[in-house]
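# Survey of secondary and tertiary structure
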Amino acid sequence: MTAIALTQRHPSVTADRLVAEMVPPPRFAGVSFGSYLPDPTQPSQADAVRILEEFAAGLNGSSAGTAKRGWFRRSAPAPTGPAGIYLDGGYGVGKTHLLASLWHATPGPKAFGTFVELTNLVGALTFKGAVDTLSSHRLLCIDEFELDDPGDTVLVSTLLGRLVENGVKLCATSNTLPEKLGEGRFAAADFLREIQGLSGHFRPVRIDGQDYRHRGLPAAPPPYADADVDARAGRTAGASLDDFDGLLEHLKSVHPSRYGALLDDVQAVFLRGVRQVDDQSTALRLVVLADRMYDRELPITASGVPFDQVFTEEMLRGGYRKKYLRAVSRLVALARDSAKP
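Residues numbered from 1 in each chain as written. Predicted model: local features only at pLDDT ≥ 70, side-chain atom pairs only at ≥ 80, totals over all residues. Heavy atoms only, no water.

The protein is annotated in an unreviewed UniProt entry as Cell division protein ZapE of Kitasatospora terrestris.

### As for the sheet that holds strand 1 (residues 84-89)
Let me state the cut-off plainly: In short, DSSP must find at least two bridges between two strands for them to pair. Secondary structure elements follow DSSP: runs of H or I no shorter than four residues count as helices, runs of E no shorter than two count as strands, and numbering proceeds from the N terminus. In this description, a line fitted to the C-alpha atoms serves as the axis of each element, helices being fitted only across the stretch in contact, and the angle between N-to-C directions of two axes falls anywhere from 0 to 180 degrees. Any pair of residues with heavy atoms lying within 4.5 Å of one another is described as a contacting pair.
Sheet architecture is open: 5 strands sit in the order 2-3-4-1-5, paired in parallel fashion. Two strands lie at the open edges of the sheet, namely strand 2 (110-114) and strand 5 (202-207), each paired on one side alone. For this sheet, the mean angle separating the axes of adjacent strands, direction not counted, is 15°. Strand direction decides the pairing type here: strand 1 and strand 5, joined by 6 bridges, are parallel. Paired with Leu87 across the strands is Val205, a residue of strand 5. Contacts from helix 2 (residues 43-60) reach strand 1, strand 3 (139-143), strand 4 (169-174) and strand 5, with the element oriented near 150° to strand 5.

### Remarks on the packing of aromatic side chains
Note the following rule: Stacked, edge-to-face and tilted labels apply to pairs of Phe, Tyr and Trp rings (six-membered ring for Trp) whose centres lie within 6.5 Å, assigned for plane angles under 30 degrees, over 60, and everything in between, in that order. Here's how the labels work: a residue is buried when its accessible area is under 20% of the maximum for its type, exposed when over 50%, partly exposed in between, all with a 1.4 Å probe on protein chains only.
Counted according to the given criterion, the structure contains 4 aromatic pairs. An angle of 75° between the planes, with centres 6.3 Å apart, marks the rings of Phe145 and Phe202 as edge-to-face. Of the two residues, Phe145 sits in the loop between strand 3 and helix 6 (150-165) while Phe202 sits in strand 5, which places them 57 residues apart along the sequence. The burial state of Phe145 is the same as that of Phe202; both residues are buried.

### Observations concerning unusual backbone geometry
For residues besides glycine, phi is generally negative; the peptide bonds are generally trans as well. Looking along the chain, the bond that leaves Gly108 and enters Pro109 is cis, with omega of 0°. By secondary structure assignment, the location of Pro109 is in the loop between helix 3 (95-105) and strand 2. A positive phi angle, close to 55°, is found at Glu144, a residue other than glycine. Looking at the element boundaries, Glu144 is found in the loop between strand 3 and helix 6. Classification of Glu144 by relative accessible area gives buried; the value is 10%. With phi around 55°, Glu297 is a residue other than glycine that occupies positive phi space. By secondary structure assignment, the location of Glu297 is in the loop between helix 11 (280-295) and strand 8 (300-304).

Written out as structure tokens, the structure is:
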């Protein structure tokens, strides 16, 4: 079989596709509150399920799209109290599972996307277009809510504020409480004010526990030899095969909103020569690609350094530490998948 070369792909994604794809990723297409298995030693997990079930019950009794208002008309006062739920917890405690379960339990119109996908949607539709499109929704679910620069903070804070005014309910996940977002990255007073205003939209719900991806599972398999990577790719249907450095270089020319399309029809990823990444811009692009591969449950077979060494110690101590740790957790999980018989 001839493997797909991701470096030869230059996908184009329409705004309509961006909107249509605002659904839970395939990994979470069939989840529910009932399929979430709370850790009996972590009571906060069962509490989170109960809170979200109650939130969903309230959404099922509301009317979708009735609160939408015109762009230039005076908005009615925003609803009192939190307009949504904020799931805070570490890696692999099931936040995305619960977020997707809420989405599945709520009638439409509704939307589900990562923070990055939401900002990309605004870029594709314009701010007004995103407000008009999302204001007809009953629920907006935002996964991996992370603010990487003051511009995105203002953009998303303003967008969510407008959507709340229009009656849209919100649910978000992250690894940091709303009032702590951005801490350790930027100190501008305006930035912190935006964070505080944004946090008022949510009721924080803490979920404790250890990363289920590493709970009782074997260690990540050691990297393969280049020849083994090539051989395995050659006998795997839907395989992509690329040199790691070449792929990282190619990602510079592809907007992150298109990384999902870059993986269209790919069933397994094969990489030669994985190395430690020491450039922050390159590392952040790799984080987005890791998220899209994880969404699609694509096993990764690779040579080079193990994925738990792909980011430098300096990066893991820096302002984007949570992103890099999430990426490591997901890449290691996908590497394990490649070793399954």
